[in-house]
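Summary of the model geometry
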Amino acid sequence: MTERALARVDLAAVERNCARLRRSLTGGAELCAVVKADGYGHGAVRCAGAALAGGATRLAVATAREAAELREAHPEASLLTMGALAPDEVDVALGARSDVAVWRAESLALISARARATGRPASVHVKHDSGMGRLGNRDAAEVLGLVEAAAEDPDLELTGVWTHLATADEPESGFLTTQLEAFAEVAAATRERHPGVLLHAANSAATIAEPDSHYDMVRCGIAVYGLDPFGEDAAARDLEPALSLHSYVADVKLFEPGDSAGYGRTWRAAEPTWVGVLPIGYGDGVRRGLSNNAEVLVGGRRRPLVGTVSMDNVTVDLGPETETSPGDPAVLIGAQGSERVSAEELASRLQTINYEVTCGISSRVPREYE
Ligand SMILES: Cc1ncc(COP(=O)(O)O)c(C=O)c1O
């Protein structure tokens, strides 16, 4: 069957990306593969399996539900839920045997109480807000107080101390150094009293750009999927994009000068030309901002996306002469022949980041794994 919209995910590429990341780590650091938001739109469960095969030793998600979903598929994997947890979500995360993040005494007490009720100590990672200004405790002394409280609590296991970096993808900003310096103090004090605790700070960009950030573990998301954390050319960093997005030409029709395509008549043919209709649209995650602002691969060539992106369809200008006929394949992300459209290219056209492009591919689009 021809799928109207299909995302193909190359699991071997995920595995190779992880193997490469792992080889680049300093000091024996572990690779934690970040598979939140359904593996950045690629499919969390299958990508987690590929990441583990590629040498990742841990998996991270944002939410308790994500942890529960992963736990069913990967009974032995080490999981970390990185996000904030409401009391009920603490139970779900602990039920999934996931490590959890903590940065306030109140939530440490809650996690401890819930762990006692389950009869199994909860593994916690105390989070330092070294400058991200989001989750985490800004006060280094309070962070170290929580570290001691967790270490002493029989219902808790102090597993990690960590932070998250705000500007690792902006090499010209000095803020990465500022954050790493702030975290270094917390890290050194923790290391001295609790040598076995996992210290971690780096995302993909820091993992690639700043070996000093590797500590005991790096948390890589975007690079696992072969996308460039700097929004540039992933291939130049030896990363292989795992996802491609496919549709097909459902109809081809000749437009006369002045004929228009799509809502609002935002594009009109200037001369006689053939227009292909692809049954994929913003309901699938092809953002409306790509209206008259993208190229789609058909017949191995780049063809302009013309007219407004609808919920279920887009139109492409195939030119005054075409060999394209209904049923021909079309590629919106990925390669066809020698041409390639990257998630980074679409992100740049949409003035966003590659993360949002793949996360935005909707659940209506089946994922096919190869
Ligand atoms: C706390 C945390 N760590 C690590 C990551 C992975 O970041 P990246 O996908 O840039 O590697 C994320 C993703 O946003 C995150 O929120």
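See the structure shown above.
Attention in this report is confined to the structure presented alongside it. (Residues numbered from 1 in each chain as written. Predicted model: local features only at pLDDT ≥ 70, side-chain atom pairs only at ≥ 80, totals over all residues. Heavy atoms only, no water.)

Topic: the overall build of the protein
Regarding its fold elements, the protein presents 11 helices and 18 strands. Seen along its three principal axes, the alpha-carbon backbone of the protein occupies a region of about 75 × 45 × 35 Å. Every one of the 370 residues in the protein was classed for burial, and the buried ones make up 51%. About 16000 Å² of surface is accessible on the protein, with carbon and sulfur atoms providing 49% of the total. A gap of 3 Å separates the mean positions of the 35 positive and 53 negative side-chain charges of the protein. (Helix = DSSP H or I, 4+ residues; strand = E, 2+ residues; numbered from the N terminus. Buried < 20%, exposed > 50% of the residue type's maximum accessible area, 1.4 Å probe, protein only. Areas by Shrake-Rupley, 256 points an atom, 1.4 Å probe, with all protein chains shown as cover. Lys, Arg positive; Asp, Glu negative; His and termini not counted. Charge placed at Lys NZ, Arg CZ, Asp CG, Glu CD.)

Some details on the pairing of strand β4 (residues 78-81)
With four bridges connecting them, strand β3 (residues 58-61) and β4 associate as parallel partners. Looking across to β4, one finds that Val-61 is bridged to Thr-81. Handedness of the crossover is the feature at issue here: the chain leaves β3, passes through helix α4 (residues 64-73), returns alongside β4, and the resulting connection is right-handed. Pairing geometry for β4 and strand β5 (residues 98-102), over three bridges, is parallel. Bridge pairing in β5 links Thr-81 to Val-100. For the crossover that starts at β4, traverses helix α5 (residues 87-95) and ends in the parallel β5, the hand is right-handed. (Pairing = 2+ DSSP bridges. Right-handed = clockwise from strand over helix to strand, strands pointing away.)

Comments concerning the packing of aromatic side chains
Enumeration according to the criterion identifies four aromatic pairs in this entry. With a centroid separation of 5.8 Å and an interplanar angle of 35°, the aromatic rings of Tyr-40 and Tyr-355 are classed as tilted. Of the two residues, Tyr-40 is situated in helix α2 (residues 36-40) and Tyr-355 in helix α11 (residues 354-359); the sequence distance between them amounts to 315 residues. Residue classification places Tyr-40 among the buried residues on the basis of a relative accessible area of 7%. Plain terms: the ring middles of Phe-255 and Trp-267 are 6.0 Å apart, the flat faces sit at 45° to each other, and that makes the pair tilted. One end of the pair, Phe-255, is in strand β11 (residues 251-255); the other, Trp-267, is in the loop between β11 and β12 (273-278), and 12 residues separate them in sequence. Residue classification places Trp-267 among the buried residues on the basis of a relative accessible area of 15%. These aromatic residues form a ring-pair network of at least three members: Tyr-40, Tyr-225 and Tyr-355. (Phe/Tyr/Trp six-rings, centres within 6.5 Å; stacked < 30°, edge-to-face > 60°.)

Topic: the pattern of salt bridges
The tally for this structure, following the rule as stated, stands at 22 salt bridges. The salt bridge partner of Arg-8 is Glu-368, with a shortest N-O separation of 2.9 Å. Within this pair, whereas Arg-8 is found in strand β1 (residues 6-9), its partner Glu-368 is found in strand β18 (residues 367-369), the two being separated by 360 residues in sequence. Assessed through its relative accessible area of 33%, Glu-368 is described here as partly exposed. (Salt bridge = Lys/Arg side-chain N within 4 Å of Asp/Glu carboxyl O.)

As for the site of the ligand
Near the ligand you find 14 residues, and of these Lys-36, Tyr-40, Ser-204, Gly-221 and Tyr-355 are the closest. Lys-36 is positioned with one of its side-chain polar atoms (N or O) 2.8 Å from an oxygen atom of the ligand. The set of elements that each furnish at least two residues to the shell around the ligand consists of α2 and β9 (217-220). Here the residues of the shell around the ligand sort into seven nonpolar, four polar and three charged. (Near = heavy atom within 4 Å. Polar contact = N/O pair within 3.5 Å; in protein donor to acceptor, adjacent residues only side chain to side chain. Nonpolar A, V, L, I, M, F, W, Y, C, P; charged D, E, K, R; others polar.)

Brief notes about the nonpolar core
Ranked by size, the top nonpolar core spans 110 residues in total, and within it Ile-111, Val-161 and Leu-245 carry the most contacts. With near-sequence residues (within four places) excluded, Leu-245 lies in contact with Leu-6, Ala-7, Ile-280, Val-286, Ala-330, Val-331, Leu-332, Ile-333, Ile-361 and Val-365. Phe-255, Ala-261, Ala-269 and Val-306 belong to the second-largest nonpolar core, a separate cluster that totals six residues. (Core = buried A, V, L, I, M, F, W, Y, C linked by side-chain atoms within 4.5 Å. Contact = heavy atoms within 4.5 Å.)

Comments concerning the side chain of Asp-153
Turning to its location among the elements, Asp-153 is positioned in the loop between α7 (140-152) and β7 (156-162). Of note is the side chain of Asp-153, whose polar atom sits 2.7 Å from the side chain of Ser-112.

A short note on unusual backbone geometry
Look at Asp-38: it is not a glycine, yet its phi comes out positive at around 50°. Within the fold, Asp-38 resides in helix α2. Positive phi values are uncommon outside glycine, yet Asn-292 reaches one of about 55°. Along the polypeptide, Asn-292 turns up in the loop between β12 and β13 (295-298).

A look at the packing of helix α3 (residues 44-53) against α4
Running from amino to carboxyl end, α3 crosses α4 at an angle of 60°, the nearest separation of the two axes being 10 Å. Viewed along their axes, α3 and α4 adopt a mutual orientation that is oblique. Viewed along their axes, α3 and α4 form a crossing whose handedness is right-handed. Where α3 abuts α4, its residues Ala-44, Val-45 and Ala-48 lie against Glu-69, Leu-70 and Ala-73. (Axes fitted to C-alpha atoms, helices over the stretch in contact; angles between N-to-C directions. Parallel < 35°, antiparallel > 145°, perpendicular 65-115°, else oblique. Left-handed = near helix turned anticlockwise from the far one by under 90°.)

Some words on α7
Compared with the 18 Å implied by 1.5 Å per residue over 13 residues, the 19 Å span of α7 between its first and last C-alpha is a close match. Within the span of α7, buried status applies to Val-143, Leu-146, Val-147, Glu-148 and Ala-150. Elements that come into contact with the buried residues of α7 comprise α6 (105-118), β6 (122-127), β7 and α8 (175-193). A side-chain oxygen of the first residue of α7 lies 2.9 Å from the backbone nitrogen of Ala-141; this N-cap is Asp-139. (Expected span 1.5 Å × (residues − 1).)

Taken by themselves, the reported measurements are silent on function.
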